[in-house]
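Structure assessment
Read off the chains here:
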Amino acid sequence: MTTRRRFTQLSAAALLPSTWARASQAATGIPDVARILIGFPAGGPIDALARRVADRMRGKYAGAVVVENKPGAGGQIGILSLRDSPADGTNLLITPSSMLSIYPYTYPKLRYGLADVAAVSVAAHTDHGLAVGPGVPDSVRTLADFLAWLKANPSNANYGSPGAGSMPHMVGVLLSQITQLDMRHIAYRGTVPGVQDLLGGQVPAFWGPIGDYLQHTRTGKLRVLAIAGGKRSVFLPQVPTLQELGYPLKVSEWYGFFLPGKATPEVVKRASDALQAALTQPEVVDFGKQYGLEIRASSAADLARMLQADADQWRGLIKQTGFTAES
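So, how was this worked out
Residues numbered from 1 in each chain as written. Predicted model: local features only at pLDDT ≥ 70, side-chain atom pairs only at ≥ 80, totals over all residues. Heavy atoms only, no water. Helix = DSSP H or I, 4+ residues; strand = E, 2+ residues; numbered from the N terminus. Buried < 20%, exposed > 50% of the residue type's maximum accessible area, 1.4 Å probe, protein only. Contact = heavy atoms within 4.5 Å. Arc of directions from axis to C-beta. pLDDT = per-residue confidence, 0-100. Salt bridge = Lys/Arg side-chain N within 4 Å of Asp/Glu carboxyl O. Pairing = 2+ DSSP bridges. Axes fitted to C-alpha atoms, helices over the stretch in contact; angles between N-to-C directions.

1. Examining the side chain of Thr241
Mapped onto the elements of the fold, Thr241 is located in the loop between strand 9 (223-227) and strand 10 (253-260). Since its relative accessible area comes to 2%, Thr241 is described here as buried. Setting aside anything within four residues of it in sequence, one finds Thr241 in contact with Ile227, Gly229, Gly230, Lys231 and Arg232.

2. As for the environment of Gly63
Mapped onto the elements of the fold, Gly63 is located in the loop between helix 3 (45-57) and strand 2 (64-69). Here Gly63 falls in the partly exposed class, since its relative accessible area comes to 39%. Between the C-alpha atoms of Gly63 and Leu80, which are 17 residues apart in sequence, the distance is 25 Å. Contact partners of Gly63, with chain neighbours within four places excluded, come to Ile30, Pro31, Asp32 and Arg58.

3. Brief notes about helix 9 (residues 191-200)
Buried within helix 9 we find Thr191, Val192, Gly194, Val195 and Leu198. Mapping the buried residues of helix 9 onto a view down its axis gives an arc of 160°, with all of them on the same face. Buried-residue contacts for helix 9 involve strand 5 (128-132), strand 8 (205-209) and helix 10 (214-218). Directly after helix 9, the chain includes Gly201, whose backbone phi takes a positive value near 85°.

4. Considering the confidence of the model for the protein
Chain-level statistics for the protein give a pLDDT mean of 90 and a share of 91% at 70 or above. Ignoring residues within four places in sequence, the model shows residues 1-24, a span with pLDDT below 50, making five contacts including any to other chains.

5. Here's the deal with the pattern of salt bridges
As enumerated under the stated definition, the model contains 15 salt bridges in all. Across the salt bridge formed by Arg184 and Asp182, the nearest N and O atoms sit 4.0 Å from each other. In the salt-bridge network here, residues are joined through shared partners; they are Arg35, Glu68 and Lys70.

6. Thoughts on the environment of Thr106
Examined against the element boundaries, Thr106 turns out to sit in helix 6 (residues 103-106). When the C-alpha atoms of Thr106 and Pro45 are compared, they prove to be 25 Å apart, with 61 residues separating the residues in sequence. Leave out the neighbours within four places in its chain, and Thr106 touches Gly165, Ile318, Phe323, Thr324 and Ala325.

7. Details of the sheet that holds strand 1 (residues 33-38)
Pairing within the open sheet is mixed, and its six strands lie in the order 2-1-3-10-4-11. In this open sheet, the two strands that pair with only one neighbour each are strand 2 and strand 11 (294-295). For strand 3 (residues 91-96) and strand 10, the ladder comprises four bridges, and the chain directions are antiparallel. Of the residues in strand 10, the one forming a bridge with Leu93 is Phe258. Across the sheet, helix 11 (residues 265-279) lies against strand 3, strand 4 (117-126), strand 10 and strand 11, angled at about 15° from strand 4, the strand it touches most.

So this is what it looks like as structure tokens:
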């Protein structure tokens, strides 16, 4: 066989990998590639967790498990990408609960609903905190200090959040209503770019997951003044809750894994089993602690019940307060 003929055959084989892929899947019993979608930019805590989970699923759930970031529209792009994906188990999504429990009631033209996703497993729980950076005087050390500074400097009464209509955005709106301060909201495409602006002084304050602040609080670049959870965070025990400070607000957020809504029970179970195996490994739990995440796997049924309960709760609260994504 001539060198040229041999090269042609090899090139043709490279261009037609499907035969090899089918043979590989038949031999191993698992697909060659699975994706974990995220509706936010790379670099944040949930992105880091997804990549660690993908490593633990590689070679077991699929030959390769890759993470794909689909940022945009406050996490909506990721859910739409999942909705339009094959429901064979090769496409998963990890998302904060806001996109499913709050967005349906704050976006009048939302292009997806709860029926477009199938619950698989809880991934982690987190708290949201109010952080300030170099755009605020160093003398501002408490929430009371910050509110007083805003009253004296109303032109600086801005705060960012990971996305319009998200839970951190809602907390900011509620605090603004309670304090009767006109705090203007700035929506970012995820926490990472917002924290970058916070560090640079372009925005004075930011409501977001505390895990995005931890490395910067250790160096003193950011100060977290309050958290929105029902109790102090084990990751920032020195920071009081809003309730402690006299504000009747108590919310926390979870992240969950989902499949496309048309996934069969068998596909859901296989994914749920694989995720629980990955999430409960001690090194993954310890890894989450570095990013302010309490890792908590669950059954698909438990996540589905949690999502429905949260959606029912937020529907009533949002109707009561008049909150919208444009607030």
